[in-house]
Amino acid sequence: MSGTPARIGDLLGSGQRSFSFEFFPPKDEAGEDVLWRSISELEPLQPSFVSVTYGAGGTTRDRTLAITARIAQETSLLPMAHLTCVGHTTAELLDILAALRGSGVGNVLALRGDPPGGPGTPFEPTPGGVDYASELVGLVRRSSDLCIGVAAFPEGHRDAATLDDDVAVLRAKQDAGAEFAVTEMVLRASDYLGLVERAGAAGVTIPIVPGIMPILGVTSMTKMVELSGRDIPAEVRSRIEPLAEDPAAVRAEGIAIATELCDDLLAGGAPGLHFYTLNRSKATREIWSALSLSA
Ligand code: FAD
């Protein structure tokens, strides 16, 4: 991709539905092969953008930078790099932002990051760094022309005292310069619609894109949902649990549930869908074709 990268905030602001895919930096060469195969299998779907996570505690700094740079330089895709406050001084964060810009990456998802002990454990700020995502947004805004996205939480962030506090934080991120938000995986369309309503009442006007992760296995999904401090909704559990002995049936039902969720979210006015791919393309492609998302 050459020239100035498109701004995701502008794409979302144009009113065109966005469809995006999220990847994580693999740990080894075999994982790299899987990632790049998935990227090449998803590229023909022409997503609005793709994003690459930043490992807990800043552990994937170089890999996140390298993967987003390669996507920018060698594919037709628009990459967004995730960046977290955890473990970095302000000087390090500024270096990372400069490296992103220098490699043709124009969009960043500014996050606090989970505490090094994992979600739900106490967060320890880094001396000389920034403590909250809103401060990171401010730093990015003051130091670069990068387009900034932030995280939002359909059922509130697990550490937020109230749902009103939760959307006040989203508002603070908007006020600091965020142009759009992407949510944690949505488990029920009504949770997302509730967030949009609360956010609107708190003066949040930036687009909020729901995050989608289909259930492909009972254990993996239960663990993932627990990490976010939530429960799998009873109406989902009752469709999946009777199939627990049959992994193929769980997967098929998980794809069906995700497809229905996507339909409901788009019908409810969601500006797009952000798919957590876990570096695999098959499930995302199946949902994509079930929704007839191609232009
Ligand atoms: P913040 O907005 O800073 O909020 C963190 C907590 O602090 C919340 O409870 C909030 O209510 C509270 N808070 C915020 N500001 C204040 C304030 N001024 N005073 C008091 N309390 C405040 N993690 C990674 O490590 N790498 C990733 O790549 C990554 N990608 C993600 C992508 C998406 C779409 C989402 C939804 C999450 C992602 N996360 C990632 C997880 C995220 O880092 C954690 O959920 C983290 O705990 C919160 O991040 P945040 O940016 O929302 O933080």
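Relevant structure appears above.
All values derive from a computational prediction rather than experimental measurement. For every chain, the first residue of the written sequence is number 1, and numbering continues from 1 along that sequence. At least 70 in pLDDT is required for a residue's local features to be given in this predicted model, at least 80 for side-chain atom pairs to be given and counted, and no such filter applies to totals for whole chains, interfaces and linings, which use all residues. The side-chain figures draw on all heavy atoms in the structure; neither hydrogens nor water molecules are used.

## Overview of the pattern of salt bridges
Alright, step 1. Within this document, salt bridges are pairs made up of a side-chain nitrogen of Lys or Arg and a carboxyl oxygen of Asp or Glu, the two lying within 4 Å of each other. Tallying each qualifying case throughout the model produces 16 salt bridges.
Alright, step 2. Within the structure, one salt-bridge network assembled from shared partners comprises E155, E184, R188, D191 and R230.

## Quick notes on the site of the ligand
Alright, step 1. Of all residues adjacent to the ligand, which total 24 residues, the nearest are Y54, D114, A133, H157 and K173.
Alright, step 2. Within the backbone of A160, a nitrogen or oxygen atom sits 3.4 Å from an oxygen atom of the ligand.
Alright, step 3. For every accessible area listed, the method is Shrake-Rupley and the probe measures 1.4 Å; residues are considered covered only by the protein chains on display. Relative to its free-state accessible area of 970 Å², the ligand is covered by the protein chains to the extent of 81%.
Alright, step 4. In DSSP terms, a helix is any run of H or I states spanning at least four residues, a strand is any run of E spanning at least two, and both are numbered starting from the N terminus. Elements with a contribution of two residues or more to the shell around the ligand: β3 (79-84), β4 (107-111), β5 (147-152), α6 (163-176) and β6 (180-185).
Alright, step 5. With three residues, the single largest contributor to the shell around the ligand is β6.
Alright, step 6. Polar here means any residue outside two lists: the nonpolar Ala, Val, Leu, Ile, Met, Phe, Trp, Tyr, Cys and Pro, and the charged Asp, Glu, Lys and Arg; Gly therefore counts as polar. Per-class residue counts for the shell around the ligand are 13 nonpolar, six polar and five charged. The near set for a molecule or strand comprises every residue that places at least one heavy atom within 4 Å of it. In the analysis that follows, any N or O atom pair within 3.5 Å is treated as a polar contact, provided that within protein one partner can donate a hydrogen and the other can accept it, and provided that, for residues neighboring in sequence, both atoms belong to side chains.

## Considering the pairing of strand β1 (residues 18-23)
Alright, step 1. With a 1.4 Å probe rolled over the protein chains alone, any residue whose accessible area is under 20% of its type maximum counts as buried; one over 50% counts as exposed, and the rest are partly exposed. The buried count for β1 comes to six of six residues, which makes it a mostly enclosed element.
Alright, step 2. Alignment of β1 against strand β8 (residues 272-276), held across five bridges, turns out to be parallel. What sits directly across from F21, in β8, is F275.
Alright, step 3. Pairing between strands is defined by DSSP: at least two bridges between them are needed. With four bridges joining them, β1 and strand β2 (residues 49-52) adopt parallel strand pairing. When the bridges of β2 are listed, E22 appears paired with S51.
Alright, step 4. Taken together, β1, helix α2 (residues 29-42) and β2 constitute a β-α-β crossover, and its handedness is right-handed. Orient the strands so they point away from the viewer, and a crossover whose first-strand-to-second-strand path over the helix runs clockwise is right-handed.

## A short note on the packing of aromatic side chains
Alright, step 1. Stacked, tilted and edge-to-face are the three classes applied to pairs of Phe, Tyr and Trp rings, where Trp contributes its six-membered ring and a pair requires centres within 6.5 Å; stacked means planes under 30 degrees apart, edge-to-face means over 60, and tilted covers the rest. In this structure the tally under the stated criterion is four aromatic pairs.
Alright, step 2. Plain terms: the ring middles of F21 and F275 are 5.9 Å apart, the flat faces sit at 45° to each other, and that makes the pair tilted. A residue pair is termed long-range when its members are at least 10 positions apart, and F21 in strand β1 and F275 in strand β8 qualify at 254 residues. Each member of the pair, F21 as well as F275, is classed as buried.
Alright, step 3. Counting every residue linked through ring pairs, the aromatic cluster contains F19, F21, F275 and W288.

## Examining the side chain of N107
Alright, step 1. Positionally, N107 belongs in strand β4.
Alright, step 2. Only heavy atoms matter for contacts: two residues are in contact if any of them lie within 4.5 Å across the pair. Not counting residues up to four positions away in its chain, the partners in contact with N107 are A6, R7, I8, L78, P79, M80, A81, L146 and C147.

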